[in-house]
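Commentary on secondary and tertiary structure
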Amino acid sequence: MTARKITGSEAVILSLLEEGVDTIFGYPGGAIMPIYDALYDYDQKVKHILTRHEQGAVHAAEGYAKVTGRAGVCFATSGPGATNLITGIADAMIDSVPLVCITGQVTSPLLGTDAFQESDVVGISMPVTKWNFQITAPEEIPRAIAQAFYISQSGRPGPVLLDITKDAQFGEFDFNYKKCRKIRSYVPETPVDPHKVAEAAKIINEAKRPLIFCGQGVIISNAEEEFKALAEKAGIPVAWTLLGLSAFPSEHPLNVGMLGMHGNYGPNLLTNEADVIIAVGMRFDDRVTGKVSAYAKNAKIIHLEIDPAEINKIIKADVAVLGDAKKSLKLLVENIQENSHDKWVKRFKECDKVENEKVIDKDLFPTKPGLTMGEVVRIVSEKTNHEAILVTDVGQQQMIASRYFKFKHSKSNVTSGGLGTMGFGLPASMGAQIGAPGRAVVAVIGDGGFQMTLQELGTIWQNKLPIKIIILNNNFLGMVRQWQQLFFEKRYSFTELHNPDFIAIGKGFGIEGHKVEKRDGLESGIQKMLDHDGPYLLEVVIEKEDNVFPMVPAGASVSDIILEP
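Residues numbered from 1 in each chain as written. Predicted model: local features only at pLDDT ≥ 70, side-chain atom pairs only at ≥ 80, totals over all residues. Heavy atoms only, no water.

Some remarks on the sheet that holds strand β12 (residues 276-280)
Taking strand neighbours across the sheet as the criterion, the six strands line up as β11-β10-β9-β12-β13-β14 in an open arrangement whose pairing is parallel. The sheet is open, and its two borders are formed by β11 (255-258) and β14 (319-322), each paired with just one other strand. Each strand axis lies, on average, 20° off the axis of its neighbour in the sheet, ignoring direction. As paired strands, strand β13 (residues 300-305) and β14 are joined by four bridges and run parallel to one another. Considered in β14, the bridge of Ile302 is made with Val319. (Pairing = 2+ DSSP bridges. Helix = DSSP H or I, 4+ residues; strand = E, 2+ residues; numbered from the N terminus. Axes fitted to C-alpha atoms, helices over the stretch in contact; angles between N-to-C directions.)

Here you go:
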């Protein structure tokens, strides 16, 4: 690319275009105004989505990244604008979501003087970014942006932040862009060791009761086909983590359900009976393991993981295969023998019968008068032919939707995992819809989480995003209330909500909607929502004590999972 003299602000936009960026989520302000002024001349080449809050911008960027696999990009100004990004950046860090966040900053001479809207966003964000850097000269911009995209999207993905002083935005220099392919001392992935693969294959070939865990790493590495080939060739049941959901088809006969605190009965109970566990692209989060000292004591652990820091961090691996999951799985499939474990798979089916009788049938086909979260999710999944992208907020509705929504395609589940960020759902659905404009996007949100970011209804309407929003309203902070009911003697301390008229609020933002309170209006109400041309808000009033089971109590072993209160 031939060099030419431009401002730092224009260099930011041109650098983003060189990286193939088509969408930016952001909110302008004083310290980033020069970059927004430069963006004015490029509005035909890159779309900017004006959110109603910086937190909305960063969660939308996360939603975009999760459905596209590319880095989401967001802008914010200095001070409060930059600090409002921190929750979303922390969320992206723990969930391995690639983001490039660009913030404006006061001029270089004012750094450290407590100038108007100055905050040390580099220091604040350091613990929750994969890399961050403050740019104080325009000449630094192209290289910093190239490195930001390379670091964010390579290896284990994550968020990066670039803080650009206002004088660097105004300054002129000879612009030339070169994509980053390598950074000294940064090793994004380890070459797969064929000897480790052979060790793992030997253990798998000799296993009697193997179990595969499907984590988000399968999705990130685009290894869905290799993962499926492993499960099918060896005849091994597959359980998925919350973030691994949609990587493996819901209706596949080897899919035995979700791991974790509110996961399915079989994969939790039988984890402690498995003799081999193959964990692919997951980190043995505490929600998966329960009491670590009582976890998988009968199993040899094979851990396929790209990040060396995750190996032996929580659960000791008998064989660790470092490297990209797609490459590791391809070699592993070549090394394993064809096999079947019909008797072992049957054990999961027996557990399914117990769970169906005690939990699932009551959730999905209730006989009591009050509406349940499960029946809402079931009907929506069926009416979208299991083809929709599901976006969930955090809480009871997240767990219920994850359990009962069915998937045919990968990259169809958008949720906040490790950080558990309430308020994530609505803005993330915007990014998901923009990243996958040809697909139906359904956001399932609790009444509490919805009120944290409901201002983004304005963004949805302004951009005519056809998102279908379902509020499951029980007038409580439901998950906290469930714990208070089960473990705090029903002392419902400050969890009851006196909610507004959600439908009126939606209409105030130009979004049509209606409220369902009885079962005889549920199916037709959902159909009306899905048929509507444009965004739609459906409020469903559910039972106040509609709890999520099964449940592994805090501090208990996964085999202590309970099916009812």
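Topic: the nonpolar core
Core analysis: the largest hydrophobic core is formed by 99 residues, its most contacted members being Phe213 and Val540. No fewer than three residues from each of domain 2 (194-348) and domain 3 (371-541) sit in this core. Apart from the residues lying within four places of it in its own chain, the contact partners of Phe213 are Phe227, Ala239, Leu259, Thr271, Ile277, Ile278, Ala279, Val280, Met282, Phe284 and Tyr295. With 48 residues, the next largest nonpolar core counts Phe25, Val414, Leu454 and Ile511 among its residues. (Core = buried A, V, L, I, M, F, W, Y, C linked by side-chain atoms within 4.5 Å. Buried < 20%, exposed > 50% of the residue type's maximum accessible area, 1.4 Å probe, protein only. Domains from an automatic or database assignment. Contact = heavy atoms within 4.5 Å.)

Notes on the side chain of Thr51
Tracing the backbone through its elements, the reader meets Thr51 in the loop between β3 (47-50) and α3 (54-68). Under the relative-accessibility criterion, Thr51 is labelled buried at 0%. In this structure the side chain of Thr51 is engaged in a polar contact, spanning 2.9 Å, whose partner is the backbone oxygen of His53. Here Thr51 is in contact with Gly26, Tyr27, Gly56, Ala57, Met430, Glu456 and Thr459, once residues within four sequence places are set aside. (Polar contact = N/O pair within 3.5 Å; in protein donor to acceptor, adjacent residues only side chain to side chain.)

Side note on the packing of aromatic side chains
For the structure on display, the rule yields 13 aromatic pairs. Judged by centre distance (6.2 Å) and plane angle (75°), the rings of Phe284 and Tyr295 are edge-to-face. Linking Phe284 in the loop between β12 and α13 (286-289) with Tyr295 in the loop between α13 and β13, this pair joins segments that are eleven residues apart in sequence. No difference in accessibility class separates Phe284 from Tyr295, as the two residues are buried. With 5.4 Å between their ring centres and 50° between their planes, Phe405 and Phe407 make a pair best called tilted. (Phe/Tyr/Trp six-rings, centres within 6.5 Å; stacked < 30°, edge-to-face > 60°.)

Concerning the packing of α3 against helix α5 (residues 86-94)
Where α3 contacts α5, the axes come no closer than 8 Å and their chain directions differ by 20°. Looking at the two axes, α3 sits roughly parallel to α5. Taking contact as the criterion, the partners of Gln55, Val58, His59 and Glu62 in α3 are, on α5, Thr87, Gly88, Ile89, Asp91 and Ala92. Each residue belonging to the contact of α3 with α5 can be placed in one class, and the counts come to three nonpolar, four polar and two charged. (Parallel < 35°, antiparallel > 145°, perpendicular 65-115°, else oblique. Nonpolar A, V, L, I, M, F, W, Y, C, P; charged D, E, K, R; others polar.)

Things to note about the environment of Ala239
Here Ala239 shows up in strand β10 (residues 238-240). For Ala239, a relative accessible area of 0% puts it in the buried group. The spatial distance from the C-alpha of Ala239 to the C-alpha of Ala279 is 9.7 Å, given a sequence separation of 40 residues. Beyond its immediate sequence surroundings of up to four residues, Ala239 is in contact with Leu211, Ile212, Phe213, Cys214, Val256, Gly257, Leu259 and Pro267.

As for the sheet that holds strand β15 (residues 389-392)
Strand order in the open sheet made by the six strands is β16-β15-β17-β18-β20-β19, with parallel pairing throughout. A strand with exactly one partner marks an edge of an open sheet, and here the two such strands are β16 (413-414) and β19 (512-516). Here β15 runs beside strand β17 (residues 441-446); their pairing, made up of four bridges, is parallel. Each bridged residue has a counterpart across the sheet, and for Ile389 the counterpart in β17 is Val441.

Description of α5
Where α5 is concerned, the buried positions are Ile86, Gly88, Ile89, Ala90, Asp91 and Ala92. Packing partners of the buried residues in α5 comprise α3, α4 (80-83), β5 (99-105), α6 (121-125) and β7 (159-165). Just beyond α5, the residue with positive phi is Ser96, at close to 55°.

Some points on the domain arrangement of the protein chain
One can read the domain layout of the protein chain as domain 1 (4-175), domain 2 (194-348) and domain 3 (371-541). For domain 1 and domain 2, the distance between their C-alpha centroids amounts to 37 Å. Taken together, the seven residues of domain 1 in the interface contact seven residues of domain 2. Taken together, both faces of the contact between domain 1 and domain 2 bury some 610 Å²; the carbon and sulfur share is 52%. Taken together, the links from domain 1 to domain 2 amount to two salt bridges. Arg156 is the salt-bridge partner of Glu310, the closest N and O atoms lying 2.8 Å from each other. In this structure, the connection of domain 1 to domain 2 is made through three residue pairs in polar contact (both at pLDDT 80 or more). A class-by-class count of the residues in the side of domain 1 that touches domain 2 yields two nonpolar, two polar and three charged. (Buried area = accessible area lost by both parts, 1.4 Å probe. Salt bridge = Lys/Arg side-chain N within 4 Å of Asp/Glu carboxyl O.)

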